[in-house]
Every structure is written in C-alpha cells, then in structure tokens.
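Fold and contact review
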Amino acid sequence: RRAFPFAIASSTEIALQNLSVLLVRALVFDRVAVAQWGVTRVVAGLLRAVCTQLTQPLAIELGHDHAVGDTARLRSLYARGSVLLTLLTSALVSGLLAFWPDFFALWTNNAIPYDAHLTFTLLVGTGIAAPAVLALGYSYCSNRGELLAGVKAVQLVLFLLLSLLLTPQFGPVGMAIAVVASDLVVQFGWLGLTVMRQTLANPLRHMLLLALIVAVVMPAGWLLGTLIRSALPGTGLVHFVAECALWLVVTGLAALSCLRGAMRTRLEAIIPN
C-alpha cells in the first residue's frame, strides 16, 4: 500500500518517456518528420539519462540526511548538488547544440534533413528543467509518494492534452513543446519548487543563481562550439572528432580553476542554501 504511489509515479515516468514516439507516429503522416523526431529524441533522452545518473548518488545522500534529521547538511548538499547539476547540464546542452548537426549528418548519412527548431526546443527545455530531476530523485528517497503520484499524474494529463492539440498542427516541434512544457510547468514548477521551498532556507535566491548559470553557460558554450566549427577546416568524422576534442580542451582549461580547494570554497560560499 505504501509503495503504490511510487509505482504510479514510476509508471507515469516510463509512459512519458515512450508515449511521445508512439503519438508522433500516429499523428504525423510525414515519414521524414517522424524520422527527425525519432533521431532527435535520442539526444534528449541521452541528456535526461545523464541528469538521472548524476542525481542518483546525491538523492541517496539527501534521503539519508532527511531520515536522520540533519537539516544543515541536507540544505548544503541540495544547494550544491542543484548548482552542479545545472552547471554540467548547461555545458552539455551548449556542446550538443553546437555539434549535434554534424553528428546528425554523419548518423543519418545526410538522408534526413536537420531540424534546428526541434533540436533547440528539446535540448534547451530539458536543460532548463534539469534541477527538477534532482527534486524527483530526492522525493523518491524521502517518502514523498503522494506528491510524486499527484505531480506525475497531472504531468501526464497535461502532456497528452498539449500533444493532441499541438502535434497535428506543428508536427514534431509541437510534440517537443508538449514534452518541454509539461516538464517545466509541472515537474519543475510544481515538484521542483515545492521541494526547494521545503528544503532550502533561501529558495528564491537559489533559483536566481540557477537561472544565471543557465543564461551564462549555455550561450557561452554554444558560441564557443560555433566558432570552433567555423574555424576548423574539413568535413566528416575526422572534423567532428577534432572539433569536439578542441571544445573539450578549451572548456576543460576554463574549469581548471575549480580544482583548487580555495577556489571551490569561495564558490560554495556564494551558493545560497
């Protein structure tokens, strides 16, 4: 009985991840558009999987702190984990936005046209909603079954309504809007903000910091990748590997200062708990 709300939430999460593919196939009659959605959905699923893997150990630690009543450590870990997740996800989204077109062309052998609007909507929306993945994992580890069941049920209903309204008119882009909107409005706007308000002492200041990270890191990494793409000559697999490697080197050098303990201490001090 106590596990039933968690079962509802988990089943709904699985349905949300897979229904979009079935609905696009049923509602869109352009085979090229269906193929575009299927391939582009892969990269959004990869981004979501990375977020989930990053948050799993954090969620377990947060659940432990919640169980033993260590409020101070709970707030500190949640705040730092949320900032780290947002930072890494924003950097990953910026790189994907820059280099996914080249990988898309290699993967499909230029047989499927690239849809920039579809990719931008899915990746940026998933990146902005990334902090809610930590709230989702923490909710599973802190006995918030009723909240999870309610959030996921409402999210599923909103997703179905938006997808049925938007997909026949706008195609895969309409489905992308439905996916992102249900994530942002329900999972981020309801679950994420509720957990932040219950966990942190300064949730508004923390939200502003997360918004600042997204607004700075995502465009900066995307601009860097675009400059590298235009500067490196050549095409094909060698060009793709070279531009990705150069982007990783530059971003890695930019992050070297964070390896210093004194710098990390100063950065952690500005994170509102």
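Owing to the predicted nature of the structure, the values given are computational and were not obtained by experimental measurement.

**Topic: the side chain of histidine 206**
Mapped onto the fold, histidine 206 is located in helix 8 (residues 203-231). Not counting the four nearest positions on each side in its chain, histidine 206 is found in contact with Ala79, Ser82, Val83, Met196, Leu200, Ile271 and Pro272.

**Side note on the layout of surface pockets**
As a volume, the largest pocket reaches approximately 1,400 Å³. Contributing to the lining of the largest pocket are 41 residues, with Leu87, Leu88, Ala91, Val217 and Ala255 lying nearest its centre. Roughly 520 Å³ of volume is contained in the second largest pocket. What lines the second largest pocket is a set of 26 residues, among which Glu13, Gln17, Arg48, Thr52 and Leu136 lie closest to the centre. At the level of elements, helix 1 (4-27), helix 2 (31-68), helix 4 (116-128), helix 5 (131-140), helix 6 (145-170) and helix 7 (172-199) are the ones that each hand at least two residues to the lining of the second largest pocket. For the lining of the second largest pocket, the element with the most residues is helix 2, which contributes ten residues.

**A short note on the side chain of arginine 144**
For arginine 144, the location among the structural elements is in the loop between helix 5 and helix 6. This buried residue, arginine 144, is left without a salt bridge; glutamate 146 holds the nearest opposite charge, at 9.1 Å. At 2.5 Å, the side chain of arginine 144 and the side chain of serine 142 are in polar contact. For arginine 144, the contacting residues outside a window of four places in its chain are Phe6, Tyr138, Ser139 and Gln198.

About the criteria used
- What you see as residue numbers is a count from 1 along each chain, following the sequence as written.
- Whole-chain, interface and lining totals are the exception, using all residues; otherwise, since this is a predicted model, local features are given only for residues with pLDDT of at least 70 and side-chain atom pairs are given and counted only at 80 or more.
- Excluding hydrogens and water, the side-chain values take into account all heavy atoms of the structure.
- By the criteria applied, helices consist of DSSP H or I runs no shorter than four residues and strands consist of E runs no shorter than two, each listed in order from the N terminus.
- Working rule for contacts: check all heavy atoms of both residues, and any pair within 4.5 Å makes them a contact.
- Grid points spaced at 1 Å over the protein atoms alone were grouped into cavities, where a 1.4 Å probe fits but cannot get out, and pockets, open sets with protein on both sides within 12 Å along at least five of seven lines, with lining residues defined by an atom within 4 Å of a point.
- Grid points are joined across faces, edges and corners, and a volume is the space filled by probe spheres set on the points.
- Residue exposure (1.4 Å probe, protein chains only): buried if accessible area is under 20% of the type maximum, exposed if over 50%, otherwise partly exposed.
- Under this rule, positive means Lys or Arg and negative means Asp or Glu; His and the chain ends count for nothing.
- For this document, the term salt bridge refers to a Lys or Arg side-chain nitrogen within 4 Å of an Asp or Glu carboxyl oxygen.
- Any N or O atom pair separated by 3.5 Å or less is treated as a polar contact, with the protein-specific requirement of one donor-capable and one acceptor-capable atom, and with residues adjacent in sequence counted only for side-chain atom pairs.

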